[in-house]
Amino acid sequence: THSSRPQRLLRAVQKGAVRGDARSVVANIDRFCHHSEWAMNIGDEKGAILDSVVSEVNPALALELGTYCGYSTVRIARLLPPGGRLITLEFNPEYAAVARQVIEWAGLEDSVQLVEGGSGDWIPQLKEHFGVQSFDFVFLDHWKERYLPDIHLLEECELLRKGTVVLADNVVCPGAPDYLAYVRNSPAYQSSYFQSHLEYTKAVDGLEKSVYLGTTDA
Ligand SMILES: O=C(c1ccccc1)c1ccc(O)c(O)c1[N+](=O)[O-]
Ligand SMILES: [Mg+2]
């Protein structure tokens, strides 16, 4: 039986990274993806933009949609303030199993809650299950056609507050055109674009940062 790409990525972390050292976990995944196999982590170039936005927001409570192998989970969690928490949702059980081990290798399991299941099912349950009021920071990196329905769901469930920062990966490649049109035209968001490249390639891609301004009704 052959291993999967996420399992080979995990083995590269366990072989090359220092336990408890989040920076070395990130560096070893990037090395694996640059030199062995491409994988759909946000990567080093867009990851630096993610880091700067997370550091600026300094979120006490963050949400990530689309964990995959836990690369951006580790990048975000290592920058949280003391007591800060990150909830990350992953639909694919095999990805979730690998991500748990990557997050543990980085020593960040105490500040990360990985939830297995679909974002459409779980977003309406976050308040009652995790005692969440609203998120300070949201990172969208799951199936691109879920970006728009899930931002609407987050609004409807009142999980965003005035000033919540929503950062979306891959708005150019593979692309999320309906999501982009929404956040760029809605009066409820102040949106800005950070041009970059698709992870580990020369293809153009970018991140969209959208600050939620709240609704107009009283
Ligand atoms: O959709 C893909 C994709 C499509 C086709 C083949 C491989 C990946 C993808 C590509 C780059 C990403 O950063 C990313 O987050 C994703 N994704 O699946 O969420
Ligand atoms: Mg992505």
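Note: the structure precedes this text.
Nothing here was measured: the structure is a model prediction, and the numbers come from that model.

Draft legend 1. Layout of the packing of helix α1 (residues 5-16) against helix α2 (residues 22-35). Between α1 and α2, the least distance of the axes is 9 Å, while the angle of their chain directions is 130°. In terms of their interaxial angle, α1 and α2 are classed as oblique. In terms of crossing hand, the pair formed by α1 and α2 is right-handed. Of the residues in α2, those in contact with Arg5, Arg8, Leu9, Ala12, Val13 and Gly16 of α1 are Val25, Asn28, Ile29, Phe32 and Cys33. Looking at side-chain class alone, the contact of α1 with α2 contains seven nonpolar, two polar and two charged residues.

Draft legend 2. Highlighting a nonpolar patch on the surface. A cluster of nonpolar side chains, Trp38, Met40, Phe91 and Trp143, forms an exposed patch at the surface whose accessible area comes to about 470 Å². Residue position: methionine 40 is located in the loop between α2 and α3 (43-57).

Draft legend 3. Region of interest: the coordination of the magnesium ion (ligand 2). Protein coordination of the magnesium ion (ligand 2) is provided by Asp141 (OD), Asp169 (OD) and Asn170 (OD1), with donor distances spanning 2.0 to 2.2 Å. On the primary sequence, the residues serving as donors to the magnesium ion (ligand 2) are separated as D-x27-D-N. Taken as a pair, aspartate 141 in the loop between β4 (135-140) and α8 (147-156) and aspartate 169 in the loop between β5 (160-168) and α9 (171-175) lie far apart in primary sequence, 28 residues in all. Both residues of the pair, aspartate 141 and aspartate 169, count as buried.

Draft legend 4. Structural context of helix α5 (residues 93-105). Between its first and last C-alpha, α5 extends 19 Å over 13 residues, near the 18 Å set by a 1.5 Å rise per residue. Among all positions of α5, only Tyr95, Ala96, Val98, Ala99, Val102, Ile103 and Trp105 are buried. Residues of α5 that are buried make contact with α1, α2, α4 (71-77), β2 (85-90) and β3 (112-116). With a side-chain oxygen positioned 2.8 Å from the backbone nitrogen of glutamate 94, the residue opening α5 is asparagine 92.

Draft legend 5. Representation of the pattern of salt bridges in the model. By the definition in use, this model includes 13 salt bridges. Salt-bridge contacts for arginine 8 lead to glutamate 37; the nearest nitrogen and oxygen are separated by 2.5 Å. Of the two residues, arginine 8 sits in helix α1 while glutamate 37 sits in the loop between α2 and α3, which places them 29 residues apart along the sequence. Of the charged contacts, one joins arginine 78 and aspartate 51 as a salt bridge, the two residues approaching to 2.8 Å between their closest N and O atoms. In this pair, arginine 78 sits in the loop between α4 and β2 while aspartate 51 sits in helix α3, placing the two residues 27 residues apart along the sequence.

Draft legend 6. Spatial organisation of the sheet that holds β2. Pairing in this open sheet of seven strands is mixed, and the strands run β3-β2-β1-β4-β5-β7-β6 from one edge to the other. Each edge of the sheet is formed by a strand with only one pairing partner; in this case those strands are β3 and β6 (189-197). Within the sheet, the average angular offset between the axes of one strand and its neighbour, ignoring direction, is 15°. Bridge count for strand β1 (residues 61-65) against β4 is four bridges, and the pairing is parallel. Its bridge partner being in β4, leucine 63 is matched across the sheet by valine 138. With respect to the sheet, α8 is in contact with β1, β4, β5, β6 and β7 (204-212), its orientation differing from that of β5 by roughly 165°.

Draft legend 7. Geometry of the state of the cysteines. Across all of its chains, the model carries zero disulfides by this definition. Residue cysteine 173 stays outside any disulfide, its sulfur separated by 15 Å from that of cysteine 33, the closest cysteine.

Draft legend 8. Quick look at the site of ligand 1. In the vicinity of ligand 1, the contacting residues are Met40, Asp141, His142, Trp143, Lys144, Asp169, Asn170, Pro174, Leu198 and Glu199. Between ligand 1 and aspartate 141 there is a distance of 2.8 Å, counted from an oxygen atom to a side-chain nitrogen or oxygen. One nitrogen or oxygen atom from the side chain of asparagine 170 is found 2.7 Å from an oxygen atom belonging to ligand 1. Compared with its free state, where it exposes 410 Å², ligand 1 has 67% of that area covered by protein. Tallied by class, the residues present in the shell around ligand 1 amount to four nonpolar, two polar and four charged.

Cut-offs used in this document
Residues numbered from 1 in each chain as written. Chains lettered and ligands numbered in written order. Predicted model: local features only at pLDDT ≥ 70, side-chain atom pairs only at ≥ 80, totals over all residues. Heavy atoms only, no water. Axes fitted to C-alpha atoms, helices over the stretch in contact; angles between N-to-C directions. Helix = DSSP H or I, 4+ residues; strand = E, 2+ residues; numbered from the N terminus. Parallel < 35°, antiparallel > 145°, perpendicular 65-115°, else oblique. Left-handed = near helix turned anticlockwise from the far one by under 90°. Contact = heavy atoms within 4.5 Å. Nonpolar A, V, L, I, M, F, W, Y, C, P; charged D, E, K, R; others polar. Patch = residues over 30% accessible without salt bridge, like charges linked within 9 Å, V, L, I, M, F, W, Y side chains within 5 Å. Areas by Shrake-Rupley, 256 points an atom, 1.4 Å probe, with all protein chains shown as cover. Salt bridge = Lys/Arg side-chain N within 4 Å of Asp/Glu carboxyl O. Donors = N, O, S within 2.8 Å, 3.2 Å for Na, K, Ca; no water. Buried < 20%, exposed > 50% of the residue type's maximum accessible area, 1.4 Å probe, protein only. Expected span 1.5 Å × (residues − 1). Polar contact = N/O pair within 3.5 Å; in protein donor to acceptor, adjacent residues only side chain to side chain. Pairing = 2+ DSSP bridges. Disulfide = S-S within 2.5 Å. Near = heavy atom within 4 Å.

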